[in-house]
Amino acid sequence: MADVSDNAKSAVPHHVAIIMDGNGRWAAARGLPRVEGHRRGVDALRRTIRSAGEMGVKIITVFSFSSENWSRPAAEIGELMGLLRRFIRNDLAELHKSGVRVRIIGERAGLEADIGRLLVEAEELTKDNTGLTLVVAFNYGARQEIARAAQRMAEDVAQGKLKPEDITIDTLGGFLDAPDLPDPDLVIRTSGEQRLSNFLLWQSAYSELVFVPVHWPDFDRAVLEGAIREYQQRERRFGGLTAKTAQAGS
Ligand code: IPE
Ligand code: IPE
Ligand code: MG
């Protein structure tokens, strides 16, 4: 099968965002506790970061813990927090060495202090790296992100720094958690679910969505390549007409 890099290099999506779903079901299908699925999910994340970089993807955003995931049992939340701590402690040096720049999006307030410090450490250590950008969406919800942006924008209005009539899409976009990053070209969700679950609602306005049936712990380079191939077959129109669609209607 043709390698995705055989296609025009420009057709490899610049920014890929992934909803890493199905860890619990992966474990249940094997008679294992859910946490085992989450552990194997971290292995899948490592593989995916490596593959994405090798394939020419420049930015990868991964949904690791949602604002709504706090509604899970305390024991599972504790295990997920433990895995994040371990991922940063064990993998940060290696990510840094391979030139990865780590960014975090999501709500920082209210997190345990040591986790907050680890997130800052990951961003600080890697801030000058020019390789793959890894954006970790942690304690992230898109509606919450937009509401925080609106709050900060309203403060500027209250202070007379911004006029309501001057507010544009770009103004609001500028108050989001990582305003300098381009929107995802491709959003992949694993586990067969076909919904966004409050992920990047603003930024995915024109993203291509690809849903794959595999559970996240089974995600690998071949699945990523398959999703990218599907993306490469899509025709992105952004509301306009491409040469192909214009011709069909004339
Ligand atoms: C994704 O797997 C990981 C997180 C949401 C933290 P799930 O834990 O949602 O696994 P399923 O969807 O229950 O199988
Ligand atoms: C989305 O998965 C959140 C993450 C992958 C971190 P969920 O498992 O929380 O989503 P729902 O509940 O099935 O919509
Ligand atoms: Mg799930």
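Our structure is the block above this text.
A quick note: this is a predicted structure, and the numbers were derived from the prediction, not measured.

Cut-offs applied
Residues numbered from 1 in each chain as written. Chains lettered and ligands numbered in written order. Predicted model: local features only at pLDDT ≥ 70, side-chain atom pairs only at ≥ 80, totals over all residues. Heavy atoms only, no water. Near = heavy atom within 4 Å. Helix = DSSP H or I, 4+ residues; strand = E, 2+ residues; numbered from the N terminus. Nonpolar A, V, L, I, M, F, W, Y, C, P; charged D, E, K, R; others polar. Pairing = 2+ DSSP bridges. Axes fitted to C-alpha atoms, helices over the stretch in contact; angles between N-to-C directions. Contact = heavy atoms within 4.5 Å. Core = buried A, V, L, I, M, F, W, Y, C linked by side-chain atoms within 4.5 Å. Buried < 20%, exposed > 50% of the residue type's maximum accessible area, 1.4 Å probe, protein only. Polar contact = N/O pair within 3.5 Å; in protein donor to acceptor, adjacent residues only side chain to side chain. Areas by Shrake-Rupley, 256 points an atom, 1.4 Å probe, with all protein chains shown as cover. Salt bridge = Lys/Arg side-chain N within 4 Å of Asp/Glu carboxyl O.

Taken together, 13 residues sit near ligand 1, with Asp21, Gly24, Arg25, Arg34 and Arg72 positioned nearest. Of all elements in the fold, only α1 (23–28), α2 (34–55) and α3 (74–97) reach the threshold of two or more residues within the shell around ligand 1. The element that contributes the greatest number of residues to the shell around ligand 1 is α1, accounting for 3 residues. When grouped by side-chain class, the residues that make up the shell around ligand 1 number 2 nonpolar, 6 polar and 5 charged.

Pairing is parallel across the open sheet formed by 6 strands, whose spatial order is β3-β4-β2-β1-β5-β6. Both edges of this open sheet fall to β3 (101–105) and β6 (208–211), since each of them pairs with a single strand only. On average, each strand axis in the sheet is inclined to that of its neighbour by 20 degrees, with strand direction left out of account. Relative to the sheet, helix α4 (residues 113–126) contacts β3 and β4 (133–140), its axis offset from that of β3 by approximately 140 degrees.

So, on to unusual backbone geometry. Look at Ser191: it is not a glycine, yet its phi comes out positive at around 85 degrees. Within the secondary structure layout, Ser191 lies in the loop between β5 (186–189) and β6. In the Ramachandran plot, Leu200 falls in the positive-phi region, its phi being about 45 degrees despite a non-glycine side chain. Its location among the elements puts Leu200 in the loop between β5 and β6.

Counting residues in hydrophobic clusters, the biggest one holds 46 residues, and the most contacted among them are Ile18, Phe138 and Ile188. Residue contributions to this core peak at 9 residues, all from α3. With sequence-adjacent residues up to four places away left out, Ile18 is seen in contact with Thr48, Ile60, Thr61, Val62, Phe63, Ile188, Phe199, Trp216 and Phe219. Counting 14 residues, the second-largest nonpolar core is a separate cluster that includes Ile105, Tyr140, Leu181 and Phe199.

This part is about the pairing of β5. Across the two faces of β5 the burial is the same, with Leu186 and Ile188 and Val187 and Arg189 all buried. In this sheet, β5 lies alongside strand β1 (residues 15–19) in parallel orientation, the contact comprising 4 bridges. Its bridge partner being in β5, Val16 is matched across the sheet by Leu186. Here 4 bridges tie β5 to β6, and the two strands are oriented parallel to one another. Each bridged residue has a counterpart across the sheet, and for Val187 the counterpart in β6 is Leu209.

This part is about the site of ligand 2. Around ligand 2, the structure places Ile19, Met20, Asp21, Phe63, Ser64, Phe65, Asn69, Arg72, Arg189, Arg195 and Ser197. At 2.9 Å, a side-chain N or O of Asn69 approaches an oxygen atom of ligand 2. Side-chain polar atom of Arg189 to an oxygen atom of ligand 2: 3.2 Å apart, as the coordinates give it. For ligand 2, whose free accessible area comes to 390 Å², the fraction covered by protein is 77%. Considering every element that reaches the shell around ligand 2, the biggest residue donor is strand β2 (residues 59–66), with 3 residues. Across the shell around ligand 2, the residue classes tally to 4 nonpolar, 3 polar and 4 charged.

This part covers the pattern of salt bridges. Per the counting criterion, the structure on display carries 27 salt bridges. One salt bridge in this structure joins Arg148 and Asp177, with 2.6 Å as the shortest N-O distance. With Arg148 in helix α5 (residues 142–158) and Asp177 in the loop between α6 (169–173) and β5, this pair connects stretches of sequence that are 29 residues apart. You can call Arg148 buried: its relative accessible area is 14%. With its nearest N and O atoms 2.5 Å apart, the salt bridge here joins Arg237 to Glu235. Classification of Arg237 by relative accessible area gives partly exposed; the value is 40%. A relative accessible area of 27% places Glu235 in the partly exposed class. Look at the salt bridges and you will find they share partners, linking Asp21, Arg25, Arg189, Glu193 and Arg195 into a network.

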